[in-house]
Amino acid sequence: MATTAAPGPSPAARLPANVSGANASFSGQSKPMEVRLSNLTAAKAIGDAVRTSLGPKGMDKMIQTSAGEVIVTNDGATILSHLAVLHPAAKMLVDLSAAQDIEAGDGTTSVVVLCGSFLNAAEKLLEKGIHPTIIAESFLRASRKAVEYLTEISTPVDMKDRNSLLRAASTSLNSKIVSQYSSILAPIAVSAVTRLISPTSSNVDLRDVRVVKKVGGTIEDTELIEGVVLNQNAITSQSGPTRMEKAKIGLIQFQLSSPKSDMDNQIVVNDYRQMDRILKEERQYILNLCKKIKKSGCNVLLIQKSILRDAVTDMSLHFLAKLKIMVVKDVERDEIEWLSRSLGCKPVADVEQFTEDKLATADLVDEGEHAGAKVIKITGIKGGGKTVSVLCMGANSVVLEESERSLHDALCVVRCLVKKRALIAGGGAPEIHVSRQLAHYAQTLKGMEAYCFAAYAEALEVIPTTLAENAGLNPIAIVTELRNRHALGEVNAGINVRKGLISNILEEDVVQPLLVSTSAIELATETAALLLKVDDFHLTR
Ligand code: ADP
Ligand code: MG
């Protein structure tokens, strides 16, 4: 291991000149301080990178990936996951956003902005000469208090109360590029999740919601489908069927083509009779396979993609079409589990095992036109698992991808409400409330802890400040008025970014799950505390 200097520009110049008192000996060591400040600077830079994307009036980012693909998004986790971040401390903020994405799914911009603000506050406290351990511990205690205050002002929500769920999902969608379609996407997200849960469930596995993306139509053509939608299309090159009533669906992992030799062998044939025999053998072999498939009663065949040899050949397709079997190939390996669960069939790897009990039954498999794109829908499935499909449409892939990401956020918001059935207001209202309560509480504390609590409380104001900034309002005027309104007892006063003033934000239907806010505060504080406690930086060979 080799010890190196901290990366980035040396912030030594910003060190406090003459700190005295209890922490003088700690301040005397300059290297840990340099490392710490360098980490803080790098991490704050990440916070600043996504700051302008916060809220319904936030800006979008255009990202070009190394593969040349263009992404337009304003989702914090998506922006950060594509950045080429080098500094290790900055990477922790990228991970922070990813952690929030896993825990709550929404609030991925807020969490990074909050963490940047906590680090900013910490830097000022460090400059005052307060020991980093004290700052870190006070911040963690303050975050636990903040979560208490948030829980106090939350209102419980019933999963049967579809209206509340819709409001929460719409709020999340309203801060997206696709916000004008929130009236279409929000009901889809709510129906998808409520279909999967039972009254007692405490979580939903969003992998049970499959989003199939097709370019075509507009986002308005997005729909929730009772049944299964396939990514693939039917093969029609040998004019096989594309519609099957009373379908018996088989999912196979073997190939319908002649076997290849293990190695690169050559067979020299110098006789027409021999050549005929080879062709006949091949024909016989494939015909046998197809007949065995037909014998099981199967009339729709889903074939897994194979890299070893062709999944189907012209000849096998010809036979299958003759036998009136609909064929879909190129089913991906990672779709197999979901498909077999949703359809209630078993994947088969060997033709000898291909029997009727492995097949799924559905009323209809139909490849129809949906807003200009060909889509296979499987409906009326008997004995399938509890899953849903969403067919996501969009005019081009940039819009489509962002629509899918936004739908994911909305699904996560509803999932948050399943996990923790409580809602709070949005628009900066909860942050101001907690900030005021914490500042009040800080007055009951003594010494440096009181300082840290007060600084933490002030740092929370970054959310309303940024919301106001991004909406083109005067942040100082707005936040001061917001504080005053809260002081007058209006707990739900928030920034109404549409009208550019302060109003009761619940009346504007801006609500968010409690879990999104509490998890953002907890995770952001943890990361800030972790960064504060780092005092040296090493590279391994
Ligand atoms: P994140 O990735 O953190 O979810 P968003 O861009 O979705 O970031 O912004 C979320 C913030 O915007 C939350 O603080 C939320 O309260 C606020 N917000 C969302 N919709 C509105 C609205 N209509 N008016 C005011 N604030 C809003
Ligand atoms: Mg959001």
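Calculation rules
- Residues numbered from 1 in each chain as written.
- Chains lettered and ligands numbered in written order.
- Predicted model: local features only at pLDDT ≥ 70, side-chain atom pairs only at ≥ 80, totals over all residues.
- Heavy atoms only, no water.
- Phe/Tyr/Trp six-rings, centres within 6.5 Å; stacked < 30°, edge-to-face > 60°.
- Helix = DSSP H or I, 4+ residues; strand = E, 2+ residues; numbered from the N terminus.
- Buried < 20%, exposed > 50% of the residue type's maximum accessible area, 1.4 Å probe, protein only.
- Lys NZ or Arg CZ within 6 Å of the ring centre and 35° of its normal.
- Expected span 1.5 Å × (residues − 1).
- Contact = heavy atoms within 4.5 Å.
- Salt bridge = Lys/Arg side-chain N within 4 Å of Asp/Glu carboxyl O.
- Near = heavy atom within 4 Å.
- Polar contact = N/O pair within 3.5 Å; in protein donor to acceptor, adjacent residues only side chain to side chain.
- Areas by Shrake-Rupley, 256 points an atom, 1.4 Å probe, with all protein chains shown as cover.
- Nonpolar A, V, L, I, M, F, W, Y, C, P; charged D, E, K, R; others polar.
- Domains from an automatic or database assignment.
- Buried area = accessible area lost by both parts, 1.4 Å probe.

Student: Teacher, can you tell me more about the packing of aromatic side chains here?
Tutor: Geometrically, a pair of aromatic rings is defined through the distance of the ring centres and the angle of the planes. Within the structure shown, the criterion is met by four aromatic pairs. Ring centres of Phe118 and Tyr456 lie 4.4 Å apart, and the angle between their planes is 15°; this geometry places the pair in the stacked category. Here Tyr456 lies in helix 14 (residues 447-459) and Phe118 lies in helix 5 (residues 108-127), a separation of 338 residues in the sequence. One exposure class covers both Phe118 and Tyr456, and it is buried. Centroid distance Tyr441 to Phe453: 5.6 Å. Interplanar angle 45°. Geometry classified as tilted. Placement of the pair is Tyr441 in helix 13 (residues 429-442) and Phe453 in helix 14, with a sequence separation of twelve residues. Through a chain of ring-to-ring contacts, three or more aromatic side chains come together here, namely Phe118, Phe139 and Tyr456. Here the guanidinium or amino end of Lys145 rests over the ring plane of Tyr441, the centre of that ring lying 4.6 Å away.

Student: Where do I start with helix 16 (residues 475-487) in this structure?
Tutor: One full turn of an α-helix is made of 3.6 residues, so residues set three or four places apart face in the same direction. The terminal C-alpha atoms of helix 16 lie 18 Å apart, and with 13 residues this matches the ideal 18 Å at 1.5 Å per residue to within 8%. Close packing links the buried residues of helix 16 with helix 13, helix 15 (462-470), strand 16 (493-496) and strand 17 (501-504). Positive phi shows up at Gly489, right after helix 16, with a value of about 100°.

Student: Before we go on, may I ask you to explain the pattern of salt bridges in this structure?
Tutor: Pairs can form between side chains of opposite charge once their charged atoms are near each other. Enumeration over the complete set of coordinates arrives at 27 salt bridges. The shortest N-O distance in the salt bridge between Asp366 and Arg243 comes to 3.3 Å. Within this pair, whereas Asp366 is found in strand 12 (residues 360-370), its partner Arg243 is found in strand 8 (residues 243-252), the two being separated by 123 residues in sequence. The salt bridge involving Glu508 is made with Lys499; its shortest N-O contact spans 3.3 Å. Judged by relative accessible area, which is 29%, Glu508 ranks as partly exposed. One salt-bridge network, held together by shared partners, links Asp75, Lys176 and Asp409.

Student: Can you help me understand the site of ligand 1 in this one?
Tutor: Residues in close proximity to ligand 1 total 20 residues, the closest being Asp106, Thr109, Ser110, Ser175 and Gly427. Taking Asp106, its side chain carries an N or O atom lying 2.7 Å from an oxygen atom of ligand 1. Thr108 is positioned such that a nitrogen or oxygen atom in its backbone is 3.4 Å from an oxygen atom of ligand 1. For ligand 1, whose unbound accessible area comes to 570 Å², protein coverage reaches 96%. Put simply, the parts of the chain that give the shell around ligand 1 at least two residues each are helix 5 and helix 15. Looking at the shell around ligand 1, its residues break down into seven nonpolar, eleven polar and two charged.

Student: Would you mind showing me how to read unusual backbone geometry here?
Tutor: Most peptide bonds adopt trans geometry, and most residues besides glycine take a negative phi value. For Lys324, which is not glycine, the phi torsion reads 60° and is therefore positive. Looking at the element boundaries, Lys324 is found in the loop between helix 10 (314-322) and strand 10 (326-331). In this structure, Asp330 takes a positive phi of about 65° despite not being glycine. Its relative accessible area of 31% is what places Asp330 among the partly exposed residues.

Student: How do you make sense of the domain arrangement of the protein when you look at a structure like this?
Tutor: When the parts of a complex come together, some accessible area is lost, and that lost area is often taken as the interface size. Entries for the protein in the domain assignment read domain 1 (30-156 + 425-533) and domain 2 (225-261 + 272-418). Taking only C-alpha atoms into account, the centre of domain 1 sits 47 Å from that of domain 2. At the junction of the two partners, domain 1 supplies 16 residues and domain 2 supplies ten residues. Across the domain 1 to domain 2 interface the summed buried area is about 990 Å²; carbon plus sulfur atoms make up 53%. Its largest share of buried area at the contact with domain 2, domain 1 owes to Val72, Asp106 and Pro513, together 35% of the area lost on that side. At the boundary of domain 1 and domain 2, one finds zero salt bridges. Between domain 1 and domain 2 we count two residue pairs in polar contact (both at pLDDT 80 or more) in total. Mapped by element, the contributors of at least two residues to the side of domain 1 that touches domain 2 are strand 3 (70-73), helix 4 (88-103) and helix 17 (514-532). No other element matches strand 3, which puts four residues into the side of domain 1 that touches domain 2.

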